[in-house]
2 protein chains.
Amino acid sequence: MRDVCVVGLGLIGGSVLRAAAAAGRVVWGVTASAQDADAARADGFDVLDLGGALARAQDRDALVVVAVPLPAVEEVLRRVPAGVRLTDVVSVKGPVGELVSRVAPRARYVGGHPMAGTSASGWAAGNADLFRDAAWVVTAEDGTDLDVLTDVVELALAAKAHVVPTTAAEHDSAVARISHLPHILAAVLASVGADGGPLALALAAGSFGDGTRVAGSRPELVRAMCEGNRSALLDAVDDALGRLGAARGSLASTGGLAKTIDAGHQARQALHDVQSADLVDVTIDLTSPKALEALRALGSRGGRVVALNGSTALARTS
Amino acid sequence: MRDVCVVGLGLIGGSVLRAAAAAGRVVWGVTASAQDADAARADGFDVLDLGGALARAQDRDALVVVAVPLPAVEEVLRRVPAGVRLTDVVSVKGPVGELVSRVAPRARYVGGHPMAGTSASGWAAGNADLFRDAAWVVTAEDGTDLDVLTDVVELALAAKAHVVPTTAAEHDSAVARISHLPHILAAVLASVGADGGPLALALAAGSFGDGTRVAGSRPELVRAMCEGNRSALLDAVDDALGRLGAARGSLASTGGLAKTIDAGHQARQALHDVQSADLVDVTIDLTSPKALEALRALGSRGGRVVALNGSTALARTS
């Protein structure tokens, strides 16, 4: 079992460190926060400085997990030794991949994104069970190092997550649509509702409560998440503007909303279908020259890797 | 206690009939549905034809409640005798008010909208308790007949609802913002998400689930509700387009979303504040020349009438 070095011990990094330790790995961490370092040490974890931690990772051929916020990633990458096995848990994959190519091109990098979290932050908020049953996206580009990809899959599975393989571009587009756009639309809806004053808010019931719930999230976290995925989010916002503009035009001209409402209903049904589909088991040989292609195809169908048996990935898909 | 004649015995009308009967009123109903008529009669209710029911209402000076879908309202109004006490439970108030002015100008009309419902429909879906703790909007325009307004308040309170007084225009604007726009945005979000294919839907979690929930409602009901409030909904959609376009522009130009996200967060906080405000008791004398003004001011502050004591309305407001 490969050793794990986690750089950044906030909610996600701290949970990765705990989950890897709970799965029997040798682990050590790094954090710029004296408070998180003290707390992690008090919980029995080994916390080093960045240079010492990365040197040890190189020495032991460990997997390094970058778990700092996007603005701090570049500084960490500049210190990563050549040849090190490297992944990350940042919520956007294209920008991190570009940084790696520019700043640490000789690292053996495979991107990751465990899709779990709470509104809390810091070491104290984490736990070894945070990723149970969550999707952990792993990037599988042409040329991705399958040996390191397997390391990341093993880490994700050790953390009780399931693995969704895809490209950085497809990941960023998907999360723009299903995670970042919902925050933008919730903010817009909340504002338009509040513009109706106390009368409107007093009459608000289930549909407004549901549609604005995530507008209650901490603004600085939402902004960082959405702004970090700028390019893909612009496309998703443009799609939403197009559809909302079409609804406006139809309502103004014919008075009808059938196209908008019916499409939305079918789309919600598609969500239900994906979430309740009967799954079948498939296997993917990670030593095959077609492995990356097969992994991407699995992800694009909504499938996921649920176990590893040697170099064979066991997956479930509809 | 005034007799009640309910025209339309679907979910809402059938529940009004049951609630009024449960409160000790003499009640009778009308329905164009043979199935609903049979079911209501089997439950012990008196179901007449429209002409007979309205004649009896005129004879006994009863309150007539129009509880048919908006497209069927005009036909009912054409049969309403002059001088009859009249209200309705349709979810849009401006268009109904205009129809009354045009078709039944001599009826003594006060608009109403009990904000309760389920996804089911028809007599069988209703119950006497449907309106418990719900808001029941009552229109208080300049010139509104305070005697009939008091009848409607008594009916709403008998059904265990609380009464929110406002104008038809303010009601329609408010529900466009907090009830109809949420359906449009949920449909748009669901469609943009589904355009991301099975990968996006497989990664969807809480924010997408919350933001698209009402897109699972029956499309024909959503369309009828939204299309019936065309004018006010256009204004709300335009506000949303403006805010979404501003977010798009800011993200494209500066990369920042602070204004959008912060405004949404404050608006969601305003919703919480309205829903959790400490309320104080106030009274409104319904015989005062300022009564209509006082009622509207109560509604515009998010307040509500919770009881009647003779001609004094007991209200709660923040």
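Residues numbered from 1 in each chain as written. Chains lettered and ligands numbered in written order. Predicted model: local features only at pLDDT ≥ 70, side-chain atom pairs only at ≥ 80, totals over all residues. Heavy atoms only, no water.

Named according to an unreviewed UniProt entry, chain A is Prephenate dehydrogenase originating from Saccharothrix tamanrassetensis. Under the Sequence similarities (unreviewed entry) heading, UniProt states for chain A: "Belongs to the prephenate/arogenate dehydrogenase family." (UniProt positions renumbered as here; feature names shortened; annotations may be inferred.)

Each copy of the sequence occupies a distinct position, and chain A is placed on chain B by a rotation of 180° and an axial shift of 0.0 Å, giving an RMSD of 0.1 Å. Overall, the copies show the geometry of a two-fold rotation axis. It is A:Gly211 whose C-alpha, among those of chain A, lies nearest the rotation axis, at 2.3 Å. (Least-squares fit on C-alpha atoms with pLDDT ≥ 70 in both.)

Residue and element names in this part refer to chain A. Enumeration according to the criterion identifies 46 salt bridges over all chains in this entry. The partner of arginine 2 in a salt bridge is aspartate 151, and the shortest N-O contact between them spans 2.9 Å. A residue pair is termed long-range when its members are at least 10 positions apart, and arginine 2 in the segment before β1 (4-7) and aspartate 151 in helix α6 (residues 146-158) qualify at 149 residues. By relative accessible area, arginine 2 is classed as partly exposed at 22%. Of the residues examined, aspartate 151 reaches a relative accessible area of 5% and is grouped as buried. (Salt bridge = Lys/Arg side-chain N within 4 Å of Asp/Glu carboxyl O. Helix = DSSP H or I, 4+ residues; strand = E, 2+ residues; numbered from the N terminus. Buried < 20%, exposed > 50% of the residue type's maximum accessible area, 1.4 Å probe, protein only.)

A few words now on the sheet that holds strand β3 (residues 63-66) of chain B. All names here are of chain B. Spatially, the five strands line up as an open sheet ordered β2-β1-β3-β4-β5, and their pairing is parallel. With one partner strand each, in any of the chains shown, β2 (27-30) and β5 (108-109) form the two edges of the open sheet. One ladder, built from two bridges, connects strand β4 (residues 85-88) with β5; its direction is parallel. For arginine 85, the partnering residue across the bridge sits in β5 and is arginine 108. Against the sheet, helix α3 (residues 50-60) makes contact with β1 (4-7), β2 and β3, and its axis sits at roughly 150° relative to β2, the strand it touches most. (Pairing = 2+ DSSP bridges. Contact = heavy atoms within 4.5 Å. Axes fitted to C-alpha atoms, helices over the stretch in contact; angles between N-to-C directions.)

This paragraph deals with the domain arrangement of chain A. All names here are of chain A. Its domain assignment divides chain A into domain 1 (4-166 + 282-317) and domain 2 (172-276). Using only C-alpha atoms to locate each centre, domain 1 and domain 2 end up separated by 31 Å. With ten residues of domain 1 at the interface, the matching set in domain 2 holds eight residues. Each partner contributes to the roughly 600 Å² buried at the junction of domain 1 and domain 2, and carbon and sulfur atoms together form 55% of this total. (Domains from an automatic or database assignment. Buried area = accessible area lost by both parts, 1.4 Å probe.)

Working note: a packed helix pair is described by the angle between its axes plus the distance between those axes. Their axes nearest at 10 Å, the elements helix α11 (residues 230-253) of chain A and helix α11 (residues 230-253) of chain B cross at an angle of 160°. Accordingly, the angle class assigned to the pair α11(A) and α11(B) is roughly antiparallel. Here α11(A) and α11(B) pass one another in a crossing that is left-handed. Each residue belonging to the contact of α11(A) with α11(B) can be placed in one class, and the counts come to 16 nonpolar, four polar and six charged. (Parallel < 35°, antiparallel > 145°, perpendicular 65-115°, else oblique. Left-handed = near helix turned anticlockwise from the far one by under 90°. Nonpolar A, V, L, I, M, F, W, Y, C, P; charged D, E, K, R; others polar.)

Another point: the interface of chain A and chain B. Between chain A and chain B, the residue contacts involve 86 residues of the former and 86 residues of the latter. Buried surface at the junction of chain A and chain B, summed over both partners, amounts to about 7,700 Å²; 73% is from carbon and sulfur atoms. Area buried by chain A at its contact with chain B is led by A:Leu199, A:Leu203 and A:Leu244, which between them contribute 9% of it. Taken together, the links from chain A to chain B amount to eight salt bridges. Where A:Arg243 meets B:Asp195, a salt bridge forms, and the shortest distance between an N and an O atom there is 3.1 Å. Counting every contact that joins chain A to chain B gives 24 residue pairs in polar contact (both at pLDDT 80 or more). Considering every element that reaches the side of chain A that touches chain B, the biggest residue donor is helix α7 (residues 168-194) of chain A, with 18 residues. Of the residues in the side of chain A that touches chain B, the class split is 47 nonpolar, 24 polar and 15 charged. (Polar contact = N/O pair within 3.5 Å; in protein donor to acceptor, adjacent residues only side chain to side chain.)

Residues and elements named next belong to chain A. Strand order in the open sheet made by the five strands is β2-β1-β3-β4-β5, with parallel pairing throughout. Looking at the sheet topology across the chains shown, the edges are occupied by β2 (27-30) and β5 (108-109). Where helix α3 (residues 50-60) meets the sheet, it contacts β1, β2 and β3 (63-66), and its direction lies at approximately 150° from that of β2.

This part is about empty space enclosed by the protein. Summed over the entire model, instances satisfying the criterion amount to four cavities of 30 Å³ or more. For the largest cavity, the calculated volume is near 100 Å³. A:Leu189, A:Gly211, B:Leu185, B:Ala186 and B:Gly211 are, among the 15 residues lining the largest cavity, the residues nearest its centre. Elements that contribute at least two residues to the lining of the largest cavity include exactly α7 and α9 (206-212) of chain A together with α7 (168-194) and α9 (206-212) of chain B. In this model, the second largest cavity occupies a volume close to 60 Å³. Put simply, the parts of the chain that give the lining of the second largest cavity at least two residues each are α7 and α10 (219-227) of chain A together with α12 (258-276) of chain B. Of the residues contributing to the lining of the second largest cavity, the split by class is seven nonpolar, four polar and no charged. (1 Å grid on protein atoms, 1.4 Å probe; cavity = no way out; pocket = protein on both sides within 12 Å on 5 of 7 lines; lining within 4 Å. Points joined across faces, edges and corners; volume = space filled by probe spheres on them.)

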